[in-house]
Structure formats: structure tokens, C-alpha cells
Amino acid sequence: MSEKARENFGSRFTVIMALAGSAIGLGNIWRFPYMVGEHGGAAFIIIYVLCSLFIALPIFFCESILGKSTGKDTFGALESVAPGTKWKNEGYIALLGSFIIVSYYSVVGGWSVDFLIRSFMNDFKGESLEEAAGVFHNMNASVWEPIVSLTAFLGLTAAIVAIGIEKGIGRFAKVMMPLLFIMIVIIVVRSCTLPGAGKGIEYMLKPDFSKIDGPAIAAALGQGFFSLSLGVGCVLTYSSYMRKEENVFYTGVWTAIFDTFFAILAGFAIMPAVFSAGLEPSAGPSLVYETLPVIFSRMGPLVPIIFFLAILIAAVTSAMSMLEVLVTWLVDQKGLSRKKATTLFFIACWIVGCVCAVSPKVFSICDFMSSNVFMMFGALVFALVVGWKMKKEDVRTQFTNYGTSHKAGAVFSVVWFLIRWIAPIGIVIIAITNVL
Ligand code: PFF
């Protein structure tokens, strides 16, 4: 495909909504609120924001600069800035990372399809918590049910990606992301006004600095990477479809703000409701698919519908970005049509997704490998390539959009230092902490 014919996100709003769509996902809903409560409330939020600001956001800028300046997929971008070197092999790791994440992520996305249908049928009304936990376990014990929902979820994601960047991904994100914010705000209001909700608000906010230790900081950074979709080429790929006049600094900052704001909102949607029901919060599937359906159905039949629809939208917009990494590679490097590329990867991801759906062990290996290995490694490579392979002036030109963004110009020296030193050193320390 020639440079001229490459599609683009039609407007700044669209590209920010697409990037925010990639960032806001299951990570914000079922991981962040629990992590906050576990690791010291507001103290953890402060650490999370610092890690995002000083390590995750600079990596986001690196990916965005690589994508936007070259207008290519991960391989093509790395080959353009470091021709003839081994750096482009990171492209394989990014592809593998995206492929694995989208496969197991679709299993969870599928559960939200299943639970959305159950919510429409008012299935959770009057159920006890034990009965609701039974629903989740029975669903997973049956082989066909998670596979059917996975197929529906992945099918929807692939259909949007197949339509294209602006008309498919861009349009979906532009309409759905504002809707997602409205939905979560409705749940926050309902949840925070329940009797006894104060305890949940306290769980999210009460600062406890004694809980900030090495593992808490590592968790904050790992969550920051997962949440901003870093290290597997998503940001790079979406940025390769930015219009030339777009601003890497501005889109990055807004994506991070929306992402963090949404994660905090999700905490206020979930925790007050959990505490008001007299329960202790847990993380992951058991929180979202065992505890919450019952609690929310007690708040009226519409609440679970809104909640699972919100999860579905958040998950689809994230899955789209991972699938797009794979599709862009096949289109750019192998010359396939977008529709063919999407179909091929739909089939491949579906097969791996089915294995994850029936094997909890494979599921957790994929989860562990993606956030601890692929994303960290990829992020390190992107920081090193931009910080040490590209010329400082070229990076400045891209970051300030040819000198047109004065705000970006004012912070460039700090960002440059973060990219070259703080981000790579931080990643290495955290990776070692995780392994030990
Ligand atoms: N950022 C998404 C979330 O928080 O759920 C997950 C994700 C999307 C991870 C895209 C990695 C990725 F490449």
C-alpha cells in the first residue's frame, strides 16, 4: 500500500477516542479498583500516577513517535529508524504479545456478552451470591457456552476492524467511548448513594503509605503498562494512522488522563456497592462475574445491563487495537487485503481463545506472560530505539510536531531525559523485582 493511500483517523477527537478505547478496558474495571484498595488507597493512586507520568507516558510517546513518523507497522517502523539492525525483531515479540493478549482477552470479553444476555433476561434477580457464583462456574464448566460467547465477541471485534480505520475503528470508538463514560457515571451515582457506601469510598481513598513497598510500586507500573496498552505495538500502530497535523504530546496526555480518570470512576462504581452489600472485595473474574451481578441486580434491572454493556464496549475497543496490530502487519508487510488479514487472524485468535476458554492454566500463563514479559520487553525496546537510536533533533521535531506545539517544546528536555534514562532503568528494576 502506498503512503498516499494509507488510511487515517479523520480527526483529533477520533484518534484520542480510539487510543482511549484501547487503553480503557478490563484492566480498568477489574484490576485497578482492587489494586488501589489492596495497596494503600489514595497512596497507591499517587504512586500509579507518578509511574504513569514518569515511565508509562514517555513510553507511550516513544511508540506514538515511531508510528506517526514512519506511517508503518511495528516491523516497518523499527526498520525505518534503525535500518539493517536487529531491533526490528521486536516486531515478532509485539505480534506474539498482541496475538496472545487478544486471544485470552476475548474469552473474558465473551463472558460479558453472556452476562449481558443474562442481564437482559433479568436472570440475576433474587439470586443469592452462592447461586450467582454457581452461574459463573457452570458457564465455564460447559465447553460450548464460553466458546459461543468468545466467537460472538471476537466476531464483533473482527467485523469492526475489517471495515477499516476511520469507518470501522474510528467511528465505533467515537460513538461508544462517550457513551461508556455516561454509563459508568450512572453506576457511580447509583453506587455511591447506597446505604453504607461510605466504606467503599474510604477503601478507595484512605491513604496508607505504609503499604507502599517494592511490590506495590511494581504493581503500579505493571498496571500502568497494561492499562495504556504499551509494549505490544498498539499505540505505535494506531499512531501510524494519525494525520500529519496531529500532535503526539496532546493525544498521549489526553489518553492517559481519560484512562486514569475512568479507572478511578470504575473504582467508585464498584467498591461502594460491594461494601454496601457487606462484602469484601476480590479481584478479577470473581468480583465482576460472581459478586457484582447480584449486587447490581438488587439496584434495579437496568443496572446490570448498563454495567455489562459498559464492560463489553470497553473490552471490544481494547481488543480492536490488538487485532489491528496483527492486521496492519499482514497488510503492510505481506500485502494482504484488510478483510483477508482480519479473517486469518480471527481464525487464529479464535483457536487459541478456545484453548484459553477451556483451560484455566493456559489462560493464566497467557495473562502472566503478556503483562510481565511481552509488554515490559517491548516497552524497553521502544524506549531504547527512540532514546538511543534516533537523533535527538528528529525526536524533538516529531514530539513538537515540527515546532508547532509550544507546550510540547517546553517539556521536551524533561521527556527526553525520561525516555533515555528513567523509563529504561525503571523497567529493568521492575522486571527484576517481578522475577525475584
Ligand atoms: N489496556 C487494556 C485494558 O486496560 O484492559 C488492555 C490492553 C489492550 C493491553 C491492548 C494490551 C494491549 F495491547
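Residues numbered from 1 in each chain as written. Predicted model: local features only at pLDDT ≥ 70, side-chain atom pairs only at ≥ 80, totals over all residues.

1. Thoughts on the overall build of the chain
Along the backbone of the chain there are 18 helices and zero strands. In terms of overall dimensions, the chain is globule-like: its C-alpha atoms have a radius of gyration of 21 Å, near the 22 Å expected for 436 residues. Along the first, second and third principal axes, the C-alpha atoms of the chain reach 60 × 50 × 40 Å. Taking as baseline every contact in the chain between residues at least 6 positions apart, the subset at least 24 positions apart corresponds to 87%. (Helix = DSSP H or I, 4+ residues; strand = E, 2+ residues; numbered from the N terminus. Rg over C-alpha atoms; globule rule 2.2 N^0.38 Å. Contact = placed C-beta atoms within 7 Å.)

2. Some points on the site of the ligand
Looking at the ligand, there are 16 residues lining it, with Gly25, Gly27, Ser229, Cys234 and Ser318 nearest. If you list the elements that add at least two residues to the shell around the ligand, you get α1 (12–23), α2 (26–38), α5 (90–120), α10 (214–227) and α14 (302–334). In the shell around the ligand, the residues fall into seven nonpolar, nine polar and no charged. (Near = placed C-beta within 6 Å. Nonpolar A, V, L, I, M, F, W, Y, C, P; charged D, E, K, R; others polar.)

3. Things to note about the packing of helix α8 (residues 165–192) against α14
Their axes nearest at 9 Å, the elements α8 and α14 cross at an angle of 145 degrees. The hand of the α8/α14 crossing is left-handed. Residue-level inspection shows Ile169, Ala173, Met176, Met177, Leu179, Leu180, Met183, Ile184, Ile186, Ile187 and Arg190 of α8 in contact with α14, the latter providing Val303, Ile306, Phe307, Leu309, Ala310, Ile313, Ala314, Thr317, Met320 and Glu324. Partitioning the contact of α8 with α14 into residue classes produces 18 nonpolar, one polar and two charged. (Axes fitted to C-alpha atoms, helices over the stretch in contact; angles between N-to-C directions. Left-handed = near helix turned anticlockwise from the far one by under 90°.)

4. Points about the environment of Met177
Looking at the element boundaries, Met177 is found in helix α8. Along the primary structure Met177 and Val36 are separated by 141 residues, whereas in three dimensions their C-alpha atoms are 24 Å apart. Beyond its immediate chain neighbours, meaning those up to four positions away, Met177 contacts Met17, Ala20, Gly21 and Thr317.

5. A look at the packing of helix α7 (residues 144–163) against α14
As a packed pair, α7 and α14 sit with axes 9 Å apart at the nearest point and diverge in direction by 55 degrees. Between α7 and α14, the angle falls in the class oblique. In this structure, α7 meets α14 at a crossing whose hand is right-handed. On the side of α7, the interface is formed by Leu156, Thr157, Ala158, Ile160 and Val161, while α14 contributes Val316, Ala319, Met320, Leu323, Glu324 and Val327. Among the residues forming the contact of α7 with α14, the class breakdown is nine nonpolar, one polar and one charged. (Parallel < 35°, antiparallel > 145°, perpendicular 65-115°, else oblique.)

6. So, unusual backbone geometry
The residue Ser229 is not glycine, and still its phi comes out positive at about 60 degrees. With 29 C-beta atoms counted inside 10 Å, the residue Ser229 sits in the buried group. (Buried ≥ 20, exposed ≤ 12 C-beta atoms within 10 Å, placed from the backbone.)

7. What to know about helix α4 (residues 74–81)
Among the eight residues in α4, six count as buried, and that is most of the element. Restricting attention to buried positions, one finds in α4 the residues Thr74, Phe75, Gly76, Ala77, Leu78 and Val81. Buried positions along α4 lie against α3 (42–70), α5, α11 (234–239), α14 and α16 (360–389).

8. Thoughts on the nonpolar core
Generally speaking, soluble globular proteins have nonpolar side chains that are buried together. Ile59 and Leu323 are the most contacted members of the largest nonpolar core, which totals 149 residues. With 21 residues, the single largest contributor to this core is α14. The contact partners of Ile59, leaving out residues within four places of it in the chain, are Leu230, Ala379, Phe382, Ala383 and Ala423. (Core = buried A, V, L, I, M, F, W, Y, C linked by C-beta atoms within 7 Å.)

9. Observations regarding the environment of Leu330
You can see Leu330 is positioned in helix α14. Look at Leu330 and you get partly exposed, because 19 C-beta atoms sit within 10 Å. Each C-alpha atom, one on Leu330 and one on Gln223, is 29 Å from the other, the two residues being 107 residues apart in sequence. Not counting the four nearest positions on each side in its chain, Leu330 is found in contact with Leu336, Ala341 and Leu344.

10. Things to note about helix α15 (residues 338–358)
Taking 1.5 Å as the rise per residue, α15 with 21 residues should run 30 Å; its terminal C-alpha atoms sit 30 Å apart, in good agreement. Buried residues of α15: Arg338, Ala341, Thr342, Phe345, Phe346, Cys349, Gly353, Cys356 and Ala357, and no others. Down the axis of α15, the buried side of the element spans an arc of 130 degrees, and every buried residue falls inside it. Among the exposed residues of α15, those oriented more than 90 degrees off its buried face are Ile347 and Ile351. (Expected span 1.5 Å × (residues − 1). Arc of directions from axis to C-beta.)

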